[in-house]
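Inside the fold
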Amino acid sequence: MHSPWSRRAFLLTTGGTALALTASGLLLSDETAEAAAAADEYDALRTKWRTLILGEGFTPTTEPFKSRLADLGATARELRGTMTPATGSLWPDISYADPDPDTDQESYGYSANVVTSYSRLNTLAQAYRQEGTGLTGDAGLKAAILTGLDHLCTQVYNENQARFGNWYSWQIGAPQNLLDVCVLMYDHLSATQVASFCKAVDHFVPDSAVGSYTGTSTGANRVDLCRVLALRGVVGGSPAKIALARDALSPVFPYVTTGDGLYTDGSFIQHTTVPYTGSYGSVMLGGLGMLFSLLRGSSWEVTDTKKQIIFDAVEKSWAPFLYNGLAMDGVAGRAISRGLSTSDAKKIQADDHLRGHPIMSAIVLLGQGASTAENARWRGLVKGWMRRDYYSPPLSDPSLGLTSLARLKGVEDDASVGGIAEPTGHRLFTNMARATHRRPGWAASISMADPRITYYETGNGENLRGWHTGSGMLYWWGDTYANGQYSDAFWPTVDPYRLPGITASRKVLADAAGGDWGASKPDVKWVGGASDGQRASIGQYLKGLQSTLRAKKSWFCLDDAIACLGAGIVCTDGTAVESTVENRNLGPTGTSPFQVDGAAKPTTAPWSATLPDAKWAHIGGHGGYVFPGGATVKALREERTGKWSDINKGGATTAIARKYLTMYVDHGTAPTNGTYAYLLMPGASAAQTAARSADTGWLQILANSDSQQGVSVPSLGFTGANFWFGGTVGKLTASAPCSVQISEKSDGTAVICVSDPMRAQTSLTLTWNRAVSAVTAKPATVTSAVTGASLKLTFGDLSGTKGATQRISVTTGAGDHA
C-alpha cells in the first residue's frame, strides 16, 4: 500500500505551482512551506477520519470483532461478485435510471438506489481497508471500487446531473458515502478522479446549502450537511470548505424556542413538529461527535462555546429516553415502522434497542471532547445501560458498526468504570408533549399532541398507521422483564386503534391519514402538566385525528403507580370509542396468566369477555391494574398477524404473528360524557395489586369531569389536579385553567408546582385550603402570596413561561398530609 503522502497527493492538495524544489529537495519559500504544512494537516484529517470510520483499539483476531470482520469480507465478496456496471445501474438489483424523474414516491426509490450504490462501495472499501476481512489490500477489490466510483460519477452523480426523488439522497446520503470511500481509497485515486468527485459534491451540495438555518438545513440535517462539506474540504484540500462546515455548525448549538433543535427543557424537535430524540437526534449527536473529534486539534477546531449545550444535552435530552439500552419509541417518529426491510440482505430487524446502541456509542465519542468529569460519568452511564440490556446485548448487535462496537467494548473492558444505575424521577418535556417517569424497577413514557406537536409523522411511505401514537400512548418497561415489549414485532402486529393508554374512535383511517411530514396537529391548547421532578400531574385535551372525538385525559405519576383518568369523552363518528387500559405483547406463544379479582382467565387464544364491576386485574410477569370503585372492562386474548410492509412500503412482506392481552373500556358508539379510571402498577404481584384495590382510601379521586380531574394519595402527601376550567378540586381552587401538583413532607414543608399548559394565562389565582405559615421560596411569576388558615397565590402573566412548572416552597403543619 502507498505511503499516504505520494507526490500526487501533495500536488493535489497544494497546487503544482507551489512545489519549487531545490536539487537537495528543500522547499524554496515560506509559501511552499506553509503549503506543505497544510498538506500534512489534510493528511492528518484523513487519517483521523479513517479511524472514525474503521474504529481503533480492538484486536481483529478476537471476538466479537473476528466474526464481524469475516462477515464484512463475505458481504464484500458477494457484492463484488454481483457488481455489473451497466447503463442505469452498478448492481442489477438497484437501478437508478428513473424513467420519469420527479419527486414522487417512485422517484424517491430511484434516488435511494444512488445512495445504496455508494453505500455498497463503502462496504467494499471498508473490507479493503480493515484487517481480518480476508480482502485486506486485495488488488481485485481495489479495482472494483475504483471502477464503481468512476461508473457512478460518469452516469449519475456528476456536475451535470439534475437531482430527482428525495433531496436527502443527493445532498447527504450519496455524498457522505462517496466521501468516506474517497478517504479510505485516497492513496489510489488520481488527481482527476478526486477533482471529478469534488465537482459532483459541489454541484449537489453548494455552499448555499448551509446559507440559512431553515428548511432542510436544520438540526440533524444541518450536521449531516456540515459533515459533507468538511469531508469535501479534507478530500479536495479546501480550507474554505472545512471552515464553512465548522462555522455552519454554530446555529445547531443554541437553544431554540420554535421549530427544529434543542429546547431548554430537553426537548428535541426535527421536521418542525416531531419529537425526534431517538432518531434524528441520534444522527445529530453521532454526527457532532465525529466532527468535533475530526477537527479537534486542527486549524479548524470547533471553538464555539455554545457547543457546551450539546454536552449538557447528553443527560438533559438523550439519557431520559434511554432505558436499559433501548431508546424509547415515543421519540423515534417514523423509525418505529422500520423493522425488517426488503432491501436488507441480512434480515436484521431494527427496534428500540438497536436505536439505543448507536446513541450510547455517540455519547462515548462525544465524551472524548468533554470535561474529565463529564466523560467519566457518561462512560458509567453507558456501562450501566450495556450491562442491563439483557434483551439485546449491545456487543451482539448485528447492525452496530465496528467503530461503535469498539467504543462500547472499550467501556465494557475499562475496569476503572463502574456502571451507573438507572436514575429515578420524572421529566416533563412540555415543548414536545412528552413525559418520562422512572421508578425503581420500571420506567414509563407518555406521548401526546398539541398545536405545536403532530399526532404522528408519516412520509416516504413509512409509519403508515401511526395515527394514534400521540393520543396519550402510555409505554412502560420493567427492569428485568418486558424490555422487548415494543421490540418484538409490536408495530406491525398491534391493533393500531388499541395502543396502550390511548382513547380513540374505531373510525377506519386510511394509510398515512393526516398527511405527510406531521401535517396534522390538533387545535387544542391544554396539553402539559406540572412536576417536582419526582412525581407529576399531566393532562391532554385530546381531539381525534380526522374524528369528532374529544376527551380529557390525565395521568398522575406516583411512586409505584400511575393513576389514569379520562372524562368528557364525546364522539359522533358512528363507530365504537374505546380507552385502552393495556395491550401487552406476549410474544409468539402468549401464555402469560391473567386474573381478574382473583379469578384466573383462559390462557388460550382466542378468548374475550366483558368483565362487569372489575376491581383489579393482573398479567403474570408484567404488572397489575386497579379500577377504583369497580369498572366494566372488556378483555381479550388474541393472536394478531401483520407484515412490516403493512406499515412501511419498504418493509418485508413476510407475515408475523404475536399474541396480545388487551383490556379496554368501551364507551359505545356515541358517548356524550364517557369516563374511565384505573391505576397502572408496573411489576406489581397479584397479591400487591389485590391489596392496593382493597385499600380504598389509598387513592382518592377528587374529580373526574370535563371541567377538572384530580386525585390525592394521603399516605404520600400527594395532591394532583388538572383544571381544564377554573373551579375546585378537593382543597384546591383555581381561577383559570392550570395544572397543579403538591407534595407534602413529614417535616412540615410542602412543594407546590403550578403550570399553565395553555401558555395563555395573564393572571391566575390558586387557593389551597390548608394552613400555611410561610412561603419560603417562589418564582417571580408569583406576585402575591397570602398565608394563614389557607394559602392564596396570585400569579402574574404565565403566557411566557412556555408551560414550564412554577415551583413554590412553603411551611405547613407537621404530620398533617392533605
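The preceding data block contains the structure.
Attention in this report is confined to the structure presented alongside it. (Residues numbered from 1 in each chain as written. Predicted model: local features only at pLDDT ≥ 70, side-chain atom pairs only at ≥ 80, totals over all residues. Heavy atoms only, no water.)

Once that is clear, we can look at helix α6 (residues 167-184). Across its 18 residues, α6 extends 25 Å between first and last C-alpha, which sits within 8% of the 26 Å expected from 1.5 Å per residue. At Pro175, α6 shows its largest kink, close to 35 degrees. Within α6, 17 of the 18 residues are buried, which leaves it mostly tucked inside the rest of the structure. Where α6 begins, the capping side chain belongs to Asn166, and its oxygen is found 3.0 Å from the backbone nitrogen of Tyr168. (Helix = DSSP H or I, 4+ residues; strand = E, 2+ residues; numbered from the N terminus. Expected span 1.5 Å × (residues − 1). Bend = angle between axes of the 7 residues up to and from the residue. Buried < 20%, exposed > 50% of the residue type's maximum accessible area, 1.4 Å probe, protein only. Polar contact = N/O pair within 3.5 Å; in protein donor to acceptor, adjacent residues only side chain to side chain.)

Moving on, we come to the sheet that holds strand β32 (residues 791-795). Spatial strand order, β25-β26-β29-β32-β31: five strands in an open sheet with antiparallel pairing. The open sheet has two edge strands with one neighbour each: β25 (727-729) and β31 (782-786). Taking each pair of neighbouring strands and ignoring which way they run, the sheet shows an average axis angle of 15 degrees. Bridging between strand β29 (residues 764-768) and β32 involves five bridges; their strand directions are antiparallel. Residue pairing in the sheet places Leu766 in a bridge with Leu793 of β32. (Pairing = 2+ DSSP bridges. Axes fitted to C-alpha atoms, helices over the stretch in contact; angles between N-to-C directions.)

So, on to the packing of aromatic side chains. Throughout the structure, instances matching the rule amount to 25 aromatic pairs. Where Tyr276 meets Tyr280, the ring centres are 4.7 Å apart and the plane angle is 65 degrees; that geometry is what we call edge-to-face. By the burial criterion, Tyr276 is buried, and Tyr280 matches it. A centroid spacing of 5.0 Å and a plane angle of 80 degrees characterise the contact between Tyr486 and Phe490, whose relative ring orientation is edge-to-face. Grouping residues by exposure puts Tyr486 and Phe490 together as buried. Linked through ring pairs, Tyr475, Trp477, Tyr486, Phe490, Trp491 and Tyr660 together constitute an aromatic cluster. (Phe/Tyr/Trp six-rings, centres within 6.5 Å; stacked < 30°, edge-to-face > 60°.)

We now examine unusual backbone geometry. Of note, the bond from Glu63 into Pro64 is cis; its omega dihedral lies within 30 degrees of zero at 5 degrees. Tracing the chain through its elements places Pro64 in the loop between α2 (30-54) and α3 (65-82). Omega for the peptide link from Ala605 to Pro606 comes to 0 degrees, which places this bond in the cis form. For Pro606, the position within the fold is in the loop between β17 (599-601) and β18 (607-619). Residues other than glycine seldom take positive phi values, yet Ala433 does so here, at roughly 50 degrees. Within the fold, Ala433 resides in the loop between β6 (425-429) and β7 (434-439).

In terms of nonpolar packing, the biggest core is built from 119 residues, with Leu121, Leu149, Tyr157 and Met284 touching the most fellow members. Ignoring any residue separated from it by four or fewer positions in sequence, one finds Leu149 in contact with Tyr118, Leu121, Leu178, Val181, Leu189 and Phe197. Core analysis: the next-biggest nonpolar cluster, separate from the first, contains 75 residues, Met328, Tyr481, Ala489 and Val577 among them. (Core = buried A, V, L, I, M, F, W, Y, C linked by side-chain atoms within 4.5 Å. Contact = heavy atoms within 4.5 Å.)

Compared with the 22 Å implied by 1.5 Å per residue over 16 residues, the 23 Å span of helix α12 (residues 352-367) between its first and last C-alpha is a close match. Burial within α12 is extensive, with 15 of its 16 residues counted as buried.

As a further point, take the sheet that holds strand β8 (residues 442-447). Read from one edge to the other, the open sheet built from four strands follows the order β6-β7-β8-β9, with strand pairing classed as antiparallel. Every interior strand has two partners, whereas the edge strands, β6 and β9 (473-478), have only one. Neighbour-to-neighbour, the strand axes of the sheet open up by a mean angle of 10 degrees, direction not taken into account.

Attention now moves to the pattern of salt bridges. In this structure the tally under the stated criterion is 33 salt bridges. Among the salt bridges present, the one from Arg506 reaches Glu578, with a minimum N-O distance of 3.8 Å. You can see Arg506 sitting in the loop between β10 (503-505) and β11 (527-531) and its partner Glu578 sitting in strand β15 (residues 577-587), a full 72 residues away along the chain. A relative accessible area of 5% means that Glu578 is categorised as buried. In this structure, Asp559 and Arg535 form a salt bridge, with 2.7 Å as the shortest nitrogen-oxygen distance. Of this pair, Asp559 sits in the loop between β13 (550-557) and β14 (562-570) while Arg535 sits in the loop between β11 and β12 (536-543), and the two are 24 residues apart along the sequence. You can call Asp559 partly exposed: its relative accessible area is 25%. (Salt bridge = Lys/Arg side-chain N within 4 Å of Asp/Glu carboxyl O.)

We now examine the side chain of His622. Relative to the assigned elements, His622 resides in the loop between β18 and β19 (623-642). With a relative accessible area of 10%, His622 lands in the buried category. Reaching out from His622, the side chain makes a polar contact with the side chain of Arg584 at a distance of 3.2 Å. When near neighbours in sequence (up to four residues on either side) are disregarded, His622 contacts Trp476, Tyr481, Ala482, Gln485, Arg584, Leu586, Ser592, Pro682, Gly683 and Ala684.

Another point: the pairing of β12. Sheet faces and side chains relate simply in a regular strand, where the side chains alternate between the two faces. Of all eight residues in β12, seven are buried, a share of seventy percent or more. Where β11 meets β12, five bridges bridge the pair, whose relative direction is antiparallel. Opposite Gly528, over in β12, you have Gly539 as the bridge partner. Hairpin remark: β11 followed by β12, antiparallel, with four residues in the connecting loop; positive phi at Gly533, about 95 degrees. In this structure, β12 lies alongside β13, joined through eight bridges in antiparallel fashion. Bridge assignment links Ser537 to a residue of β13, and that residue is Phe556. Hairpin connection from β12 to β13: six residues lie between these consecutive antiparallel strands, with Gln546 at a positive phi of about 50 degrees.

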